[in-house]
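# Survey of secondary and tertiary structure
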Amino acid sequence: LAKTTQPISMDSYEGQEVNITCSHNNIATNDYITWYQQFPSQGPRFIIQGYKTKVTNEVASLFIPADRKSSTLSLPRVSLSDTAVYYCLVVFTGTASKLTFGTGTRLQVTL
Amino acid sequence: EPEVTQTPSHQVTQMGQEVILRCVPISNHLYFYWYRQILGQKVEFLVSFYNNEISEKSEIFDDQFSVERPDGSNFTLKIRSTKLEDSAMYFCASSWRVGDEQFFGPGTRLTVL
């Protein structure tokens, strides 16, 4: 299973765009890149998933270069309520697809 | 919007006692999971369940743990003889297909005294 590396923490002001980069050098052909968000004392919540190039939904964009060895989660115009831990995961979709969480990136948004 | 529910929200038990944590996954989902998160640590995978059997389990999921889908809606995690180190938040999750996003419940905080 590909190991992921992402910054331990980031700070941002409200209204700014936040980009969190994750490296996954050993990603395999059948792996997808998935991001989850977790607020204190709550379960993780799915944000976005992609295989290559760019994926966008109503809350975020995910940029994946051609070699797929890294990915960047982009949160446009963050608000205070986006303060949370963000996890980058590499998911093998062949069987059962357990999620292996790292320590994540703790994003702190302030005024 | 459909959601995963878990009961109880908080369970306090004495060491050595059995506990059953309950989950109601989203109704049309086919894959079910349990994870746990010790305070201040990573979310850890325990077990996945599909078609009424365990698909995969981690090293944490030893003989003290078992899972069951006793009816069409509930999914339970039993810890036979709790230890102090079992104190954690336990999250249930479900998904429609393999590789789909997993929907997590709010968690059960288990405190073993």
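So, here's what we can say about the structure. (Residues numbered from 1 in each chain as written. Chains lettered and ligands numbered in written order. Predicted model: local features only at pLDDT ≥ 70, side-chain atom pairs only at ≥ 80, totals over all residues. Heavy atoms only, no water.)

Turning our attention to the overall build of chain A. Tallying secondary structure elements over chain A gives zero helices and nine strands in all. Start at the N end of chain A and walk to the C end: the helices and strands fall as β-β-β-β-β-β-β-β-β. Within chain A, buried positions represent 45% of all 111 residues. In chain A, the share of contacts with a sequence separation of at least 24, taken over all contacts with a separation of at least 6, comes to 56%. For chain A, the computed accessible surface area is about 5700 Å², with 51% contributed by carbon and sulfur atoms. Placing the 9 positive and 7 negative side-chain charges of chain A at their respective mean positions leaves the two points 8 Å apart. (Helix = DSSP H or I, 4+ residues; strand = E, 2+ residues; numbered from the N terminus. Buried < 20%, exposed > 50% of the residue type's maximum accessible area, 1.4 Å probe, protein only. Contact = heavy atoms within 4.5 Å. Areas by Shrake-Rupley, 256 points an atom, 1.4 Å probe, with all protein chains shown as cover. Lys, Arg positive; Asp, Glu negative; His and termini not counted. Charge placed at Lys NZ, Arg CZ, Asp CG, Glu CD.)

On to the sheet that holds strand β6 (residues 61–64) of chain A, then. Residue and element names in this part refer to chain A. Ordered in space as β2-β7-β6-β5, the four strands form an open sheet in which the pairing is antiparallel. Among the strands making up the open sheet, the edge pair consists of β2 (18–23) and β5 (53–56). Each strand of the sheet is rotated relative to its neighbour by a mean of 15 degrees, with strand direction disregarded. As paired elements, β6 and strand β7 (residues 70–75) share three bridges and run antiparallel to each other. Residue pairing in the sheet places Phe 63 in a bridge with Thr 72 of β7. (Pairing = 2+ DSSP bridges. Axes fitted to C-alpha atoms, helices over the stretch in contact; angles between N-to-C directions.)

All names here are of chain B. When you line up the elements, Thr 108 lands in strand β11 (residues 108–112). Reaching out from Thr 108, the side chain makes a polar contact with the backbone oxygen of Pro 8 at a distance of 2.5 Å. Beyond its immediate sequence surroundings of up to four residues, Thr 108 is in contact with Gln 6, Thr 7, Pro 8, Ser 9, Gln 11, Leu 21, Ala 88, Met 89 and Tyr 90. (Polar contact = N/O pair within 3.5 Å; in protein donor to acceptor, adjacent residues only side chain to side chain.)

Attention shifts here to the interface of chain A and chain B. Of the residues lining the interface, 19 residues belong to chain A; the matching set on chain B comes to 19 residues. Here chain A meets chain B over a buried area of about 1600 Å², counting both sides, of which 56% is carbon and sulfur. Applying the counting rule to chain A against chain B returns one salt bridge. Residues Glu56(B) and Lys98(A) are paired through a salt bridge, measuring 3.3 Å at the closest nitrogen-oxygen approach. (Buried area = accessible area lost by both parts, 1.4 Å probe. Salt bridge = Lys/Arg side-chain N within 4 Å of Asp/Glu carboxyl O.)

Before going further, it helps to examine the pattern of salt bridges. All names here are of chain B. Under the definition given, this model contains three salt bridges over all chains. For Arg 36, the salt bridge is made with Glu 44, and the minimal N-O distance between the two is 3.1 Å. A residue is classified by how much of its surface remains accessible, and Arg 36, at 10% relative accessible area, is buried. You can call Glu 44 partly exposed: its relative accessible area is 26%. Between Arg 97 and Asp 100 there is a salt bridge whose closest N-O contact spans 3.2 Å. Since its relative accessible area comes to 22%, Asp 100 is described here as partly exposed.

Moving on, we come to unusual backbone geometry. Between Thr7(B) and the following residue, Pro8(B), the backbone shows a cis peptide bond with an omega angle of -10 degrees. Unlike most non-glycine residues, Thr53(A) shows phi in positive territory, near 60 degrees. Here Thr53(A) is to be found in strand β5. If you check the backbone angles, Asn52(B) has positive phi at about 65 degrees while not being a glycine. By the secondary structure assignment, Asn52(B) is in the loop between β5 (43–50) and β6 (53–57).

Here the focus is the state of the cysteines. All names here are of chain A. One pass over the structure, following the stated rule, counts two disulfides over all chains. One disulfide bridge connects Cys 22 with Cys 88, the sulfur atoms lying 2.2 Å from each other. On the S-S bond that ties Cys 22 to Cys 88, the torsion sits near -80 degrees, and the link is left-handed. Here the residue Cys 22 occupies a position in strand β2, and Cys 88 occupies one in strand β8 (residues 84–92), the gap between them amounting to 66 residues. Overall, the relative accessible area of 1% leaves Cys 88 in the buried class. (Disulfide = S-S within 2.5 Å.)

Relative to the assigned elements, Thr110(A) resides in strand β9 (residues 105–110). The contact partners of Thr110(A), leaving out residues within four places of it in the chain, are Ser12(A), Tyr13(A), Glu14(A) and Leu80(A).

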